[in-house]
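# Overview (structure and organization)
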Amino acid sequence: TSERRRGEAVDPGALSVLIYGHDNLAARRRLDDLVENTPEFSRKGYESLSHNEKYSVGCRRSKKMIELIRSGTLGNEFERYYVRSLLTDPCPGVDLHYDMFIPSIEAMGTEEQKQKWLPVSQDLGILGTYAQTELAHGTFVR
């Protein structure tokens, strides 16, 4: 069986189309190129930066993500998620907005709140954050 497998060729392009679909594969390639060619998303020298410098880079990345979303370059949820998944380092404002703020509205909001806040949140008409309190717990409990 292993000899038979060695003799058979698999076309990686055809396999990619089978897994992702033609349209999604084209979108992924376009987004890969976008991230690769956007200076704000570069990782060059990132590991040698101080904590404050990394935070500043993250803020610039967040700003660029917001620009790409508002311009329609990242026009749907798949594109936004995929680009964020390619950025292995944080985008402080955008990450918190998409990872905590929107899911909190989806999970705990009333239908009226969801109708009001989700569309404007998903299109970055507002940029939200998340805060949580734990009674009798936390950093400064006395």
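Here the structure is a predicted model, which means the values were calculated and not measured.

### Concerning the overall build of the protein chain
Summing up its helical and strand segments, the protein chain has seven helices and zero strands in all. Ordered by position in the sequence, the α and β elements of the protein chain form the string α-α-α-α-α-α-α. In the protein chain, the share of contacts with a sequence separation of at least 24, taken over all contacts with a separation of at least 6, comes to 60%. Total accessible area on the protein chain is roughly 10300 Å²; 53% of this is exposed by carbon and sulfur atoms.

### Some remarks on the packing of aromatic side chains
Under the definition given, this model contains one aromatic pair. On the numbers, 5.8 Å between centres and 15° between planes, the contact of phenylalanine 78 with tyrosine 82 is stacked. Of this pair, phenylalanine 78 and tyrosine 82 both sit in helix α5 (residues 77-86), separated by four residues, roughly a single helical turn. Sitting over the ring of tyrosine 20, arginine 28 keeps its end group 4.0 Å from the ring centre.

### Observations concerning the packing of helix α3 (residues 22-36) against α5
The N-to-C vectors of α3 and α5 enclose an angle of 45°; their axes lie 10 Å apart at closest approach. Put simply, α3 runs oblique to α5. As for the relative orientation of α3 and α5, their crossing is right-handed in sense. Every residue of α5 that contacts α3 at Ala27, Arg28, Arg30, Leu31, Asp32 and Val35 is listed here: Phe78, Glu79, Tyr82, Val83 and Leu86.

### Some details on the confidence of the model for the protein chain
Mean pLDDT over the protein chain works out to 86, with 89% of the residues at or above the 70 mark. Mean pLDDT values for the elements of the protein chain range from 64 in helix α1 (residues 2-7) up to 94 in helix α7 (residues 111-122).

### Regarding the side chain of arginine 61
Secondary-structure assignment places arginine 61 in helix α4 (residues 51-70). One polar contact links the side chain of arginine 61 to the main-chain carbonyl oxygen of glutamate 40, over a distance of 3.2 Å. Arginine 61 has contacts with Glu40, Phe41, Ser42, Arg43, Tyr46, Asp89, Pro90 and Cys91, leaving out every residue within four places of it along the chain.

### As for α3
Three or four residues apart is the spacing at which side chains of an α-helix point the same way, because the helix has 3.6 residues per turn. Between its terminal C-alpha atoms α3 stretches 21 Å, which fits the 21 Å expected from 15 residues at 1.5 Å a residue. Every buried residue belonging to α3 is among Leu25, Ala27, Arg28, Leu31 and Val35, and all of these are buried. End-on view of α3: buried residues confined to an arc of 160°, all on one side of the axis. Exposed side chains of α3 directed beyond 90 degrees from the buried face belong to His22, Asp23 and Glu36. In this structure, the buried residues of α3 make contact with α2 (12-20) and α5.

### Considering the environment of proline 119
For proline 119, the position within the fold is in helix α7. As for proline 119 and isoleucine 102, which are separated by 17 residues in sequence, their C-alpha atoms are 9.9 Å apart.

### A word on the pattern of salt bridges
It is possible for side chains bearing opposite charge to pair when their charged atoms get close. According to the stated counting rule, one finds seven salt bridges in the structure shown. Aspartate 123 serves as the salt-bridge partner of arginine 80, at 3.7 Å between the closest nitrogen and oxygen. In this pair, arginine 80 sits in helix α5 while aspartate 123 sits in the segment after α7, placing the two residues 43 residues apart along the sequence. On the basis of relative accessible area, aspartate 123 is assigned to the partly exposed category, the value being 48%. For lysine 114, the salt bridge identified is with glutamate 111, shortest N-O distance 3.5 Å. Placement of both lysine 114 and glutamate 111 in helix α7 is noted, with a separation of three residues, approximately one turn of the helix. Residue classification places glutamate 111 among the exposed residues on the basis of a relative accessible area of 53%. Connected via shared salt-bridge partners are Arg84, Asp95 and Asp99.

Calculation rules
Residues numbered from 1 in each chain as written. Predicted model: local features only at pLDDT ≥ 70, side-chain atom pairs only at ≥ 80, totals over all residues. Heavy atoms only, no water. Helix = DSSP H or I, 4+ residues; strand = E, 2+ residues; numbered from the N terminus. Contact = heavy atoms within 4.5 Å. Areas by Shrake-Rupley, 256 points an atom, 1.4 Å probe, with all protein chains shown as cover. Phe/Tyr/Trp six-rings, centres within 6.5 Å; stacked < 30°, edge-to-face > 60°. Lys NZ or Arg CZ within 6 Å of the ring centre and 35° of its normal. Axes fitted to C-alpha atoms, helices over the stretch in contact; angles between N-to-C directions. Parallel < 35°, antiparallel > 145°, perpendicular 65-115°, else oblique. Left-handed = near helix turned anticlockwise from the far one by under 90°. pLDDT = per-residue confidence, 0-100. Polar contact = N/O pair within 3.5 Å; in protein donor to acceptor, adjacent residues only side chain to side chain. Expected span 1.5 Å × (residues − 1). Buried < 20%, exposed > 50% of the residue type's maximum accessible area, 1.4 Å probe, protein only. Arc of directions from axis to C-beta. Salt bridge = Lys/Arg side-chain N within 4 Å of Asp/Glu carboxyl O.

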